[in-house]
Structures are given as structure tokens and as C-alpha cells.
Amino acid sequence: HTHTHTQTHARTHREVELDHLRVGVRDRVLLPSFLLAFPEAEEVSCSYTPLRPEGALAFGLGLRQLTNLSALRLVNADLRVEGSVCLGRALARLQRLRVLQLAGNAMHSEGCKALCAGLGSLALTHLSLARNALDDDACAHLAPLLSSDPPSLQILDLNDNSIGEKGGEALGRGLRHAHTLTHLDLNQNALNAEGMRGLAAGLACLSNLNTLALFNNAIGDDGSTALASTLGCLPALSSVNLVGNKVGEAGATALASGMREAASLEQLLIFHNCMKAQGAEAVVTAALSCTSLKHLDITENLVPDLSVVALETKHREGDPQDRLLLRV
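Digging into the overall build of the chain
So, step 1. A tally of helices and strands in the chain yields 13 helices and 12 strands.
So, step 2. Summarising its shape, the C-alpha atoms of the chain cover approximately 70 × 35 × 30 Å along the three principal directions.
So, step 3. A buried classification covers 53% of the 328 residues belonging to the chain.
So, step 4. When the accessible surface of the chain is split by element, carbon and sulfur atoms take 51% of a total near 13900 Å².
So, step 5. Charge separation in the chain, taken as the distance between the mean sites of 27 positive and 34 negative side-chain charges, equals 7 Å.

Focus: the pattern of salt bridges
So, step 1. By the definition in use, this model includes 8 salt bridges.
So, step 2. Between E194 and R197 there is a salt bridge whose closest N-O contact spans 2.1 Å. In this pair, E194 and R197 both sit in helix 9 (residues 193-203), 3 residues apart, roughly one turn of the helix.
So, step 3. By relative accessible area, which is 34% here, R197 ends up partly exposed.
So, step 4. A salt bridge links D297 to R327; the nearest nitrogen and oxygen atoms lie 3.2 Å apart. In this pair, D297 sits in strand 11 (residues 295-297) while R327 sits in strand 12 (residues 325-327), placing the two residues 30 residues apart along the sequence.

Details of unusual backbone geometry
So, step 1. With omega at 5°, the peptide bond leading from D149 into P150 counts as cis.
So, step 2. Mapped onto the fold, P150 is located in the loop between helix 7 (136-146) and strand 6 (155-157).
So, step 3. With a phi angle near 65°, R80 is a residue other than glycine that sits in the positive phi range.
So, step 4. Inspection of the secondary structure puts R80 in helix 5 (residues 80-91).
So, step 5. Positioned with a positive phi, D322 is a non-glycine residue whose angle comes to about 55°.
So, step 6. Residue placement: D322 occurs in the loop between helix 13 (305-318) and strand 12.
So, step 7. Taking relative accessible area as the criterion, D322 reaches 57% and is therefore assigned exposed.

A few points about the side chain of Q101
So, step 1. In this structure, Q101 sits in strand 4 (residues 99-101).
So, step 2. For Q101, a relative accessible area of 18% corresponds to the buried category.
So, step 3. Aside from chain neighbours lying at most four places away, what touches Q101 is L72, R73, L74, V75, H126 and S128.

Digging into the packing of helix 10 (residues 220-228) against helix 11 (residues 249-259)
So, step 1. For the pair helix 10 and helix 11, the least separation of the axes is 8 Å and the interaxial angle reads 5°. By the angle class used here, helix 10 and helix 11 are roughly parallel. Contact residues: D221, S224, T225 and A228 in helix 10; E249, A250, G251, A254, L255 and G258 in helix 11.
So, step 2. Classifying every residue of the contact of helix 10 with helix 11 by side-chain character gives 4 nonpolar, 4 polar and 2 charged.

Here's the deal with the side chain of T211
So, step 1. By the element assignment, T211 lies in strand 8 (residues 211-213).
So, step 2. One polar contact links T211 to N210, side chain to side chain, over a distance of 2.8 Å.
So, step 3. When near neighbours in sequence (up to four residues on either side) are disregarded, T211 contacts T182, H183, L184, L237 and S239.

So, helix 6 (residues 108-119)
So, step 1. Between the first and last C-alpha of helix 6 there are 16 Å, a value that for 12 residues agrees with the 16 Å anticipated at 1.5 Å per step.
So, step 2. If you check which residues of helix 6 are buried, you get S109, G111, C112, L115, C116, G118 and L119.
So, step 3. Where helix 6 is buried, its residues contact helix 5, strand 4, strand 5 (126-128) and helix 7.

Some points on the packing of helix 4 (residues 52-63) against helix 5
So, step 1. For the pair helix 4 and helix 5, interaxial distance at closest approach is 8 Å and the crossing angle is 5°. One finds that helix 4 runs roughly parallel with respect to helix 5. Residues R52, P53, A56, L57, G60 and L63 of helix 4 form the contact with helix 5, whose participating residues are R80, E82, G83, C86, L87 and A90.
So, step 2. For the contact of helix 4 with helix 5, a count of residues per class yields 7 nonpolar, 2 polar and 3 charged.

Focus: helix 11
So, step 1. The complete set of buried residues in helix 11 reads G251, A252, A254, L255, A256, G258 and M259.
So, step 2. Packing partners of the buried residues in helix 11 comprise helix 10, strand 10 (267-269) and helix 12 (277-289).

Description of the environment of E266
So, step 1. Here E266 lies in the loop between helix 11 and strand 10.
So, step 2. Not counting the four nearest positions on each side in its chain, E266 is found in contact with S238, S292, L293, K294 and H295.

Considerations on the nonpolar core
So, step 1. Counting residues in hydrophobic clusters, the biggest one holds 97 residues, and the most contacted among them are F59, L72, L74, L203, I270 and L296.
So, step 2. Looking at this core element by element, the count peaks at 6 residues for helix 12.
So, step 3. Not counting the four nearest positions on each side in its chain, L296 is found in contact with L268, I270, V283, V284, A287, L324, L325, L326 and R327.

Here's the deal with the sheet that holds strand 7 (residues 183-185)
So, step 1. Strand order in this open sheet of 12 strands is 1-2-3-4-5-6-7-8-9-10-11-12, and the pairing throughout is parallel. In the strand order of this sheet, the two ends are held by strand 1 (15-17) and strand 12, each with one partner. Within the sheet, the average angular offset between the axes of one strand and its neighbour, ignoring direction, is 5°.
So, step 2. Across 3 bridges, strand 11 lies against strand 12 in parallel orientation.

Rules used throughout
Residues numbered from 1 in each chain as written. Predicted model: local features only at pLDDT ≥ 70, side-chain atom pairs only at ≥ 80, totals over all residues. Heavy atoms only, no water. Helix = DSSP H or I, 4+ residues; strand = E, 2+ residues; numbered from the N terminus. Buried < 20%, exposed > 50% of the residue type's maximum accessible area, 1.4 Å probe, protein only. Areas by Shrake-Rupley, 256 points an atom, 1.4 Å probe, with all protein chains shown as cover. Lys, Arg positive; Asp, Glu negative; His and termini not counted. Charge placed at Lys NZ, Arg CZ, Asp CG, Glu CD. Salt bridge = Lys/Arg side-chain N within 4 Å of Asp/Glu carboxyl O. Contact = heavy atoms within 4.5 Å. Axes fitted to C-alpha atoms, helices over the stretch in contact; angles between N-to-C directions. Parallel < 35°, antiparallel > 145°, perpendicular 65-115°, else oblique. Nonpolar A, V, L, I, M, F, W, Y, C, P; charged D, E, K, R; others polar. Polar contact = N/O pair within 3.5 Å; in protein donor to acceptor, adjacent residues only side chain to side chain. Expected span 1.5 Å × (residues − 1). Core = buried A, V, L, I, M, F, W, Y, C linked by side-chain atoms within 4.5 Å. Pairing = 2+ DSSP bridges.

What follows is the structure, given as C-alpha cells:
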């Protein structure tokens, strides 16, 4: 029954979709035979289908035969640590794999270690490990992947994990060699100032980085200062998200200085922080002289109402062509 039902989710012989299925223990055993019906598959998605560890083992047996596979999506598949171990063994055989999305699988550090062991020989361009309860130890396992030679990774999504100080330092060491990276998502982690310093050392080497997302960490003024020092080294950087990072006066002033060196910056989000009037004025003044900048948001800070009015006036007078979308 499962085999017949899941065939309706195979879009073509090259794209197989098994999303949102309700599978039991007996159904999971049939997964290898189903995948073997599509030996030329290049993309497989089994997201929001609860594979669980026992299903991951069966699924991995089928994946091993898909030598043309270039994209695998297993988002919220309930792999857990044991399933991540099984998957890592299978992925090592898929030399054409480029896109791997494994968000929301509770793999933890142990599962990440096993997964990374299987990914070491692959030339991935897109890796998503968001929402996996990854900590600093997991980043130590990830760092060697970032140092692959030649580099290949373009998108790295580690959103909504528990990466802190040591994790930021480990990622920074790996990023020094990740010259192809264009998008780094570290939203909703636990990076502090020291972690940001370590990360910044690697960021400074990423000449192709376009998007940096650090929403809801705790880098503070010292971390913001470390980040600001890298902006002039990132010629392709167009978007930075620093929302909810405890950025105060000193951090805002440092960012203002760094903005003047950012050749391609188009969007800077610093709302829900701790900057006051002086820091806000420094950032707005820098924004008006940063000709590439199109969007600056510094709402939900500690800027008095009178200063908000003054900054809005400064914007109108300094930007008569209305180039900059400013939210204060």
C-alpha cells in the first residue's frame, strides 16, 4: 500500500517527493525498494515525514544506490542522533550531492559528528543544519568541512541552535578557507562578544559573502566592534542582520565607522538593541554617506523621541532623492 501511495509523490524520475507522509514501522522498511524504482533521481525530498532512526537506516540503504543524486531534503524528518549516524554513512557514497537540507532533526553534537564524517569528501554548495540542537562541540566537527580544498560551500544555515563562544571561534577557523561562501545564517544562537571576535577573524576572509544573519544573539558592543572591523574586507556584503544583539553606544559608533568602508552594503537591521541618541546619530550619519545603502532600521532602541525627530529631519535634508529607507 505504501509503495502505491508514495508513487503519487514522484514528480518525475529525476525528482522524487515523499513529503508529509504518514508512515509506520512496516512502511519504513519499504523505503529502499521505493527509492530503487528511481535510479536516475537527482533530487529527493522526504521532509515532514517521520522517518525516525529506524527509517533513516532503511532510507539510507536506498540512497546509496542513487549515484546521480544532487539534492536531498530531509527537513523535520525526526532523524535524531541515531538516524544522523545512519545517514552520514550513506551520504559518503553520493559524490554528486550538492544540496543537503537537514533542518529540525535533533541530531545534537554526536549526530553532527557522524554526519560530518560522511560529508568530508563531498563538494556541497548548500548545507542547512538549522534547529538541530547543535552546540560548540558540533561546530568543532563542522569546521573541517568549511576548510575543504577546493572550497565549494555557498550557503550555510545554522539558524536556531545553541552555538556560543567556542563555537564561534571554531567556525571562524573554518571560515578562513571558505572563500566561496555567500550566505551565513547564525540567527538565534548564543554568540557572545568573544564568539563574535573568533567568528570575525574568519569572516574577514570571505570576499564573496553577500548575506550575514546574526539576529537574536548577544554579541554586544565588543562583538559589534569586532564585526565592524571586517566590513571593509567584505566587498560583496549587501545585507547584515544584527537585530536583538545588545548593541549599545560603543557598538553603534564602531558600526558607523565600518559602514563607511562597506562598498556594497544595501541593508542593515539594528532594531531591538540598546543604542541611544549618540549611537543612533552616528549610524544615521554614516548611512547618509554610504551610497549603496537602501534600508536602515534602528527602531526599538533607547533613542528619545526628540532625537528621533531630529534624525528624521537629518534624513530628509541629507537624502533629498529619498534613496534610503530609514526607520528610526
